[in-house]
Amino acid sequence: MRERTMIANQVEGVEQIERDLDSTAELVELAEMEGDEALVSEAAQTLRALAEDAHARQIESLLSGEADSNDCYVEVNAGAGGTEAQDWAEMLLRMYTRWAERRGYKVTLMESSEGEQAGIKSATLNVVGPNAYGWLKTEAGVHRLVRISPFDAAARRQTSFASVWVYPVVDDSIEIEINDSDLRVDTFRASGAGGQHVNKTDSAIRITHIPTGIVVACQTDRSQHRNRATAMQMLKARLYEAELQKREAAAAANEAAKTDIGWGHQIRSYVLAPYQLVKDLRTGVEKGNPDAVLDGALDDFMSASLAQRVGATRSEASASAQ
């Protein structure tokens, strides 16, 4: 039913564009016959809006992967560099939260590990909305920040790294077998706001999948049992995403490029000093307004990376067929 609703919405969207295009064309003809320049200008503005809508739907048509329509988890980890990297990780967390909110998605902070002085060591978001994984999967990789350090009294330029990991939420229709003997479960005290409960109760859960080394954690609920259930769902999602990566050559390439959170492995650079520039090293897309990008203006980067990824997959399929 979910897939049917999504396809029906896509078809209705295209048909609405066609209807609006026909009516706007008739309006232009009428305005030109009557010499009404204001009406012609209004129709031209409508056509530009239709073109933008058509372009957005064209990009969304690329979201045809097995789990692209699913909700997802976004995991951010600070690289080496102490406070600088931890502050950068928190900036990235805010960036993805703002992007999701702009699209009307629901965002929940599942787990967060605070930095010693500022920022975060790691955090996980749950993003709920149509095609959330399809859009955000292109953001997996290492992100590099260059800026004048706010933590350096000498105001020197610093380079910081943080990694982003994205994996889809899986539902009960996807069978994933996990042996209890393969798990190590640790409890710890939740951090952050929450009153006396977070200081006295070991309700937070961390689960390690020993064969793969995958670690997930959840501290959103006061109940240890509910946190464990949520953490198990996150672990299933991670294992499912790992299987998807084996099938997708482009996703496997992203994973290989993410071996170290440091030089030579970044997918995007955010330069705030000495000049203002954000550049995606995979697609070459550049933006001269880092503040807007860090406030969630990521659609151009995602669209270009998604188009490139789909193109690479089709080329490999064609080569295999030959």
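Residues numbered from 1 in each chain as written. Predicted model: local features only at pLDDT ≥ 70, side-chain atom pairs only at ≥ 80, totals over all residues. Heavy atoms only, no water.

Identification of the protein as Peptide chain release factor 2 from Tanticharoenia sakaeratensis NBRC 103193 is taken from an unreviewed UniProt entry. UniProt's Subcellular location (unreviewed entry) comment on the protein is quoted here verbatim: "Cytoplasm". (UniProt positions renumbered as here; feature names shortened; annotations may be inferred.)

Peer 1: Even after reading the chapter, I still don't get helix α3 (residues 83–102), so can you show me in this structure?
Peer 2: Each α-helix winds once per 3.6 residues, and so residues spaced three or four apart point in a common direction. Between its first and last C-alpha, α3 extends 29 Å over 20 residues, near the 28 Å set by a 1.5 Å rise per residue. For α3, the tally of buried residues reaches 14 of 20 residues, placing the bulk of the element in the interior. (Helix = DSSP H or I, 4+ residues; strand = E, 2+ residues; numbered from the N terminus. Expected span 1.5 Å × (residues − 1). Buried < 20%, exposed > 50% of the residue type's maximum accessible area, 1.4 Å probe, protein only.)

Peer 1: Would you mind going over the sheet that holds strand β6 (residues 183–188) with me for this structure?
Peer 2: Strand order in the open sheet made by the 3 strands is β6-β7-β8, with antiparallel pairing throughout. The sheet terminates laterally at β6 and β8 (214–218), the two strands that pair on one side only. Sheet twist, expressed as the mean angle between neighbouring strand axes with direction ignored, is 15 degrees. (Pairing = 2+ DSSP bridges. Axes fitted to C-alpha atoms, helices over the stretch in contact; angles between N-to-C directions.)

Peer 1: Would you take a moment to explain the sheet that holds strand β2 (residues 106–114) for this structure?
Peer 2: Adjacent strands of a sheet form backbone hydrogen bonds with each other and so pair up, either parallel or antiparallel. If you walk across this open sheet you meet the 8 strands as β2-β3-β1-β5-β4-β9-β10-β11, and the pairing is mixed. If you trace the sheet from one side to the other, it starts and ends with β2 and β11 (286–287), each paired once. Across 2 bridges, strand β10 (residues 277–280) lies against β11 in antiparallel orientation. If you follow Val278 over to β11, its bridge partner there is Lys287. Where α3 meets the sheet, its contacts fall on β1 (72–78), β2, β3 (120–128), β4 (141–148), β5 (157–168) and β9 (266–271), and the angle it forms with β5 comes to roughly 45 degrees. (Contact = heavy atoms within 4.5 Å.)

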